[in-house]
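Geometric and topological summary
So the chains spell out like this:
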Amino acid sequence: MKKWMIYAAIGLALYAVPWIFPNSYYIHMAQGFLYTYIVVVGLNFLVGLSGQLSLGHAGFLAIGGYTIALLTNAGVPFLGGLIAAMVACAIAGAVVAMLSLRAKGPYLAMVTIAFGLLVEIIANRWVDVTGGPAGLYLSDPNLFGFKMGVVEYYWFIALVTILVTVLTDNLFTSRIGRVFRAIGNSEVASATVGVNVRNWKVLAFAISAVIAGIGGALFAFQNAYINSDSFTWDRSILFLIGVIVGGSGTRLGPVIGTVIIFLLPQWVQSLYDYHSLIFGAILLLSLILLPDGIVGGFNRLRHKNKNVKQVTIDNELQKASNQVTWAAERSQTVLNVQKAVMDFGGYRAVDEVDFQLNGPEVRGLIGPNGSGKSTTVNLLTGVYLPTSGNILWKDRDVTSFSPHQMATAGITRTFQNLQLFQELTVVQNVMVGFHLHYRTGFVANLLHTRGFHQEEQRFETEALRLLSFVGLAEKAYEQAGNLSYGEQRLVEIARAMAVKPQLLILDEPAAGASQYEVEKIMKVIRNLKEIGISIILVEHHMEIVMNVCDNITVLDFGKKIAEGDPAHIQNHPHVIEAYLGGEEVTKLVVGK
Ligand code: ADP
Ligand code: MG
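Here the structure is a predicted model, which means the values were calculated and not measured.

Moving on, we come to the overall build of the protein chain. A tally of regular secondary structure across the protein chain gives 26 helices and 14 strands. For the protein chain, the residues scored as buried account for 56% of the 592 residues in total. Sequence separation of 24 or more characterises 75% of the internal contacts of the protein chain that already satisfy a separation of 6 or more. With the model as given, the accessible surface of the protein chain reaches about 26000 Å², and the carbon-plus-sulfur share is 60%.

Attention shifts here to the domain arrangement of the protein chain. One can read the domain layout of the protein chain as domain 1 (31-232) and domain 2 (327-591). Between domain 1 and domain 2, the C-alpha centre-to-centre distance is 41 Å. Listed as interface residues are 25 residues of domain 1 and, on the opposing side, 31 residues of domain 2. Approximately 2500 Å² of surface area, both sides summed, lies buried where domain 1 meets domain 2, with 65% of it carried by carbon and sulfur atoms. When residues of domain 1 are sorted by the area they lose upon contact with domain 2, R175, R178 and V193 head the list and together hold 29% of the total. Between R178 and E456 there is a salt bridge whose closest N-O contact spans 3.0 Å. Between the two partners, domain 1 and domain 2, sit 13 residue pairs in polar contact (both at pLDDT 80 or more). Among the elements of the structure, α7 (150-172), α8 (175-185), α9 (187-192) and α10 (197-222) are those that each provide at least two residues to the side of domain 1 that touches domain 2. Looking at the side of domain 1 that touches domain 2, the element that brings in the most residues is α8, giving 7 residues. When its residues are assigned to classes, the side of domain 1 that touches domain 2 shows 13 nonpolar, 9 polar and 3 charged.

Below, the discussion takes up the coordination of the magnesium ion (ligand 2). Each pair of donors in an ideal octahedron of six around a metal sits at 90 or 180 degrees, and each pair in an ideal tetrahedron of four sits at 109.5 degrees. At the metal site, the magnesium ion (ligand 2) is ligated by S374 (OG) and Q416 (OE1), and these contacts range over 2.0 Å. Remark: Q416 occurs in the loop between β10 (411-413) and α18 (426-433) and S374 occurs in helix α16 (residues 373-380); sequence separation between them is 42 residues. Relative accessible area serves as the criterion here: at 31%, Q416 is assigned to the partly exposed category.

This brings us to the site of ligand 1. Residues in close proximity to ligand 1 include F344, Y347, A349, P368, N369, G370, S371, G372, K373, S374, T375 and Y384, which together make up its full environment. Within the side chain of Y347, a nitrogen or oxygen atom sits 3.4 Å from an oxygen atom of ligand 1. For ligand 1, an oxygen atom lies 2.8 Å from a polar atom in the backbone of G370. Burial of ligand 1 by the protein amounts to 63% of the accessible area it has alone, namely 560 Å². Put simply, the parts of the chain that give the shell around ligand 1 at least two residues each are β6 (347-358) and α16. Among the elements that line the shell around ligand 1, the one with the most residues is α16, at 3 residues.

Taking 1.5 Å of rise per residue, the 16 residues of helix α3 (residues 58-73) would be expected to cover 22 Å, and the 22 Å separating its terminal C-alpha atoms lies within 8% of that figure. Burial runs high along α3: 13 of the 16 residues are buried. In the segment just after α3, G75 is the residue with positive phi, at about 105°.

So, about the sheet that holds strand β12 (residues 534-538). Paired through their backbone hydrogen bonds, the strands of a sheet run either parallel or antiparallel. Taken together, the 6 strands give an open sheet; going across it, the order is β10-β11-β12-β7-β13-β14, and neighbouring strands pair in mixed fashion. Looking at the sheet topology across the chains shown, the edges are occupied by β10 and β14 (559-564). The average undirected angle you get between the axes of adjacent strands in this sheet is 20°. For strand β7 (residues 362-366) and β12, the ladder comprises 4 bridges, and the chain directions are parallel.

What counts and what doesn't
- Residues numbered from 1 in each chain as written.
- Chains lettered and ligands numbered in written order.
- Predicted model: local features only at pLDDT ≥ 70, side-chain atom pairs only at ≥ 80, totals over all residues.
- Heavy atoms only, no water.
- Helix = DSSP H or I, 4+ residues; strand = E, 2+ residues; numbered from the N terminus.
- Buried < 20%, exposed > 50% of the residue type's maximum accessible area, 1.4 Å probe, protein only.
- Contact = heavy atoms within 4.5 Å.
- Areas by Shrake-Rupley, 256 points an atom, 1.4 Å probe, with all protein chains shown as cover.
- Domains from an automatic or database assignment.
- Buried area = accessible area lost by both parts, 1.4 Å probe.
- Salt bridge = Lys/Arg side-chain N within 4 Å of Asp/Glu carboxyl O.
- Polar contact = N/O pair within 3.5 Å; in protein donor to acceptor, adjacent residues only side chain to side chain.
- Nonpolar A, V, L, I, M, F, W, Y, C, P; charged D, E, K, R; others polar.
- Donors = N, O, S within 2.8 Å, 3.2 Å for Na, K, Ca; no water.
- Near = heavy atom within 4 Å.
- Expected span 1.5 Å × (residues − 1).
- Pairing = 2+ DSSP bridges.
- Axes fitted to C-alpha atoms, helices over the stretch in contact; angles between N-to-C directions.

Quick look at the structure:
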């Protein structure tokens with residue numbers, strides 16, 4: 001069935017409600033259900049996609065509600081007030097997100113609690129403006145001069161509900177939704193393909209706040225009255241319960257979640273004194289017992305039985321995969337690392353390391369475990385800011401660049417501890433890799449314009465091309481988390497290639513791979529070399545290092561102890577000494 005047909009059916013069903021239940025009590029309840037659902041959809045967007053938690057969403061409900069109430073009482077038309085409520089919530093959401101992103105870990109959730117409480121207190125105490133517990137009375141909602149009665153207002157809410165559902169569905173299934181999900185799965189990997197994680201998290205929060213604000217504004221006119229009692233902390237918790245029990249990140253979850261939110265307060269009515277405690281307990285329990293929620297659980301059962309869409313790679317595509325070309329400039333020194341130092345507390349993990357990379361060379365970076373290789377990679381990709389020293393990339397000082405700036409400048413990487421977007425399919429992982437190359441804006445993604453569809457199609461094809469380049473095209477539509485380690489490492493390489501980097505840093509691309517996969521990975525690295533990008537290869541398999549590297553830099557205890565071509569390194573006394581005692585020596589000497 002076509003998507004619009006489903007929406008049309010839901011729209012008809014909603015339209016018919018006042019005829020099926022011609023009773024204002026039920027219509028009122030239906031209104032309540034719909035605006036609650038809208039808020040849950042908004043919160044689901046935040047929690048389910050970008051992995052951020054808000055324990056203060058009732059605050060946005062309040063801001064939406066009071067904004068429209070105050071403005072319409074001051075003579076602004078209803079629709080104008082609704083738009084103003086959305087704008088107010090967008091600003092409030094962005095500010096809360098910026099504040100909470102300054103905090104880390106559990107403090108992040110604390111900021112949202114503080115926000116919710118603050119709004120609640122203001123609503124309660126600023127009596128001159130909000131009316132406090134006594135509240136504010138509003139006129140009937142008025143649409144272009146037409147006064148809406150209970151039924152008309154219900155239809156209006158239903159229309160808004162459909163709009164919100166369609167548009168959030170669109171975002172879910174656009175590159176915007178994909179980026180949010182990627183951030184929820186791995187922030188650092190998102191950043192290394194060029195996503196400005198901070199801004200995107202702020203955007204997610206603002207969108208979620210706007211949707212909650214719409215719910216609040218609609219709520220305000222339901223009884224043409226609001227007071228401070230409606231925006232308490234346990235409402236925020238209730239919304240969150242709806243999202244999580246329903247199934248965060250799923251598209252049907254909010255419907256189920258809203259039903260539960262509606263039933264729950266009635267179940268615990270007799271225990272009203274303890275309702276906060278009970279809500280808290282339910283939230284905790286559902287997090288533990290139902291991490292994917294009801295809909296998520298069902299989806300998983302269904303996926304188990306579903307055959308994964310297969311792709312056949314036609315010859316055209318096969319050919320194209322051999323033509324991936326974006327060569328680094330064959331200039332002199334592209335990368336110049338000067339006395340890079342990284343201290344962790346008192347421990348010096350990287351100790352005044354110097355090295356240069358010339359044009360499209362493949363540089364091996366080897367050394368015993370803990371010698372500072374991954375830390376060096378983290379410095380070069382902006383994950384860590386060096387304690388001292390400089391990093392120049394094409395004569396530009398990039399020392400203090402963050403990962404997404406490094407990606408924009410042409411440097412990206414893979415990870416020793418795999419950082420795939422587990423919830424996305426393989427091909428979607430690679431599509432997120434094209435982040436810096438997408439051209440459609442927010443509105444095109446929101447509305448699924450023709451340009452949006454064309455771009456999606458184009459990047460999906462390009463992603464399949466890259467996947468066939470690494471030999472994984474037939475796994476394109478599988479969940480990334482289901483692949484073997486070796487395959488996941490290849491997906492990371494394909495994703496990194498999507499960035500179209502000039503310097504690609506591979507941190508132990510063969511770790512944990514089977515012998516068969518090691519050979520595959522080696523072949524891919526050789527192909528990468530032919531393309532002509534600069535590569536830094538951190539690897540323990542000496543077979544790979546000695547075979548593909550032009551030059552090798554050796555680290556030990558954070559210091560550079562040797563540098564040169566493979567033959568030179570193999571016979572270097574310091575290198576043999578550094579590897580002595582470990583199993584590495586056999587690998588190094590025997591494994592060439
Ligand atoms: P390698 O990749 O060469 O095996 P790493 O660069 O991962 O080594 O680590 C080098 C040293 O720095 C190790 O002793 C490690 O414990 C330490 N180290 C790495 N990252 C951190 C960190 N974030 N905090 C503290 N110590 C770290
Ligand atoms: Mg490492």
